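Coordinate analysis (summary)
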Amino acid sequence: MEFLNSLQAWEIWVMVGILLIIGEILGMEFILFATGTAFVFTGLATNAFDLGFTGQMITAGLLTALFVPVFMRFYRRVFKAKGTKSLVSEGIGKNVDLEVVDYSGRLGVRIQGDFYPAATTDGSDLKAGDWVRLVEMRGVTAYVEQI
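The notes below deal with the structure included here. (Residues numbered from 1 in each chain as written. Predicted model: local features only at pLDDT ≥ 70, side-chain atom pairs only at ≥ 80, totals over all residues. Heavy atoms only, no water.)

Examining the environment of valine 140
For clarity, the cut-off: The helix and strand labels rest on DSSP assignments: H or I over at least four residues marks a helix, E over at least two residues marks a strand, and numbering proceeds from the N terminus. Should any heavy atoms of two residues lie within 4.5 Å, those residues are considered in contact.
In this structure, valine 140 sits in the loop between β5 (131–138) and β6 (141–146). Between the C-alpha atom of valine 140 and that of proline 117, which follows or precedes it by 23 residues, the distance is 7.1 Å. Look past the residues within four positions of valine 140 in its chain and what remains in contact with it is Tyr116 and Pro117.

Right under this line is the structure:
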């Protein structure tokens, strides 16, 4: 406990900031990274300007309010825009081979882990275990052709 008592305020801000940045690696959307960066800068400002408690709280609040929207906007533009998932209605899975599955007595296919009832384009019957190719989606029904 002597270690904690010997820490200066700016060192605590920097350590908490670094811990939040490390936590960000575990999967937030740059929110912890932005907050951690704000805390690191608060620690540096506290060291440089010898801020009191109130000054530290105001600095941390202002920097967090500034950094979070900026970092989130950056994250969404750079990383979310390059995501591989899209909506089934936008054509993902079209012309993809899928296996017919029985789900609670209903036959259908799984696309991105979601179950969709299936019907063939030519009106033929489907059986669980058949392999089909997705032709189109109409509502929630997957229209397939047997392969």
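Quick look at the side chain of threonine 42
Defined as follows: Relative accessibility under 20% of the residue-type maximum defines a buried residue, over 50% an exposed one, and the middle range a partly exposed one, all with a 1.4 Å probe and only protein chains included.
Following the sequence through the fold, threonine 42 ends up in helix α3 (residues 31–49). Residue threonine 42 is classed as buried on the basis of its relative accessible area of 0%. Not counting residues up to four positions away in its chain, the partners in contact with threonine 42 are Trp13, Gln56, Thr59, Ala60 and Leu63.

Considering unusual backbone geometry
With glycine set apart, most residues show a phi of negative sign, and most peptide bonds adopt trans. Notably, aspartate 50 is not glycine yet its phi reads approximately 50 degrees, a positive angle. Considering the arrangement of structural elements, one finds aspartate 50 in the loop between α3 and α4 (53–78). Owing to a relative accessible area of 68%, aspartate 50 belongs among the exposed residues under this scheme. Although it is not a glycine, serine 104 adopts a positive phi angle of roughly 55 degrees.

Considering the pairing of β5
What counts here: Strand pairing follows a simple DSSP-based rule, namely that at least 2 bridges must link the two strands.
Across three bridges, the pairing between strand β1 (residues 97–99) and β5 is antiparallel. Note on β5: the bridge partner recorded for leucine 98 is valine 132. Two elements, β5 and β6, share six bridges in a ladder whose sense is antiparallel. Note that in β6 the partner of leucine 134 across the bridge is valine 144. Between β5 and β6, which pair antiparallel in sequence order, lie two residues; one of them, glycine 139, sits at a positive phi of approximately 65 degrees.

Observations regarding a nonpolar patch on the surface
What counts is decided by this rule: Any residue with relative accessible area above 30% and no salt bridge may belong to a patch, with like charges joined within 9 Å and the nonpolar Val, Leu, Ile, Met, Phe, Trp and Tyr side chains within 5 Å. Computed by Shrake-Rupley with a 1.4 Å probe, the accessible areas treat only the displayed protein chains as cover when residues are assessed. In what follows, salt bridge is the name for a side-chain nitrogen of Lys or Arg lying within 4 Å of a carboxyl oxygen of Asp or Glu.
A surface patch of nonpolar side chains, about 210 Å² in accessible area, is lined by Ile12, Met15 and Val16. Along the chain, methionine 15 turns up in helix α2 (residues 9–24). The class for methionine 15 is partly exposed, based on a relative accessible area of 36%.

Observations regarding the pattern of salt bridges
Applying the stated rule across the entire model yields two salt bridges. As a salt-bridge pair, arginine 133 and aspartate 97 come within 3.0 Å of each other at their nearest N and O atoms. Separated by 36 residues along the polypeptide, arginine 133 in strand β5 and aspartate 97 in strand β1 bring together distant segments of the chain. We classify arginine 133 as partly exposed; its relative accessible area is 27%. Ionic pairing is found between glutamate 136 and arginine 138, a salt bridge with its closest N-O pair at 2.8 Å.

Digging into the packing of α3 against α4
The line we're drawing: Axis angles are defined between N-to-C directions and span 0 to 180 degrees, where every axis is a line fitted to C-alpha atoms and, for a helix, only to the segment in contact. Helix crossings get a hand from a simple test, with the near helix turned counterclockwise from the far one by less than a right angle marking a left-handed crossing and a clockwise turn marking a right-handed one. Three categories are distinguished: nonpolar for Ala, Val, Leu, Ile, Met, Phe, Trp, Tyr, Cys and Pro, charged for Asp, Glu, Lys and Arg, and polar for the others, with Gly belonging to the last.
Running from amino to carboxyl end, α3 crosses α4 at an angle of 145 degrees, the nearest separation of the two axes being 8 Å. The hand of the α3/α4 crossing is right-handed. Along its contact with α3, which presents Ile31, Phe33, Ala34, Thr35, Thr37, Ala38, Phe39, Phe41, Thr42, Ala45 and Thr46, the element α4 presents Gln56, Thr59, Ala60, Leu63, Thr64, Phe67, Val68, Phe71 and Met72. The class makeup of the residues in the contact of α3 with α4 is 13 nonpolar, seven polar and no charged.

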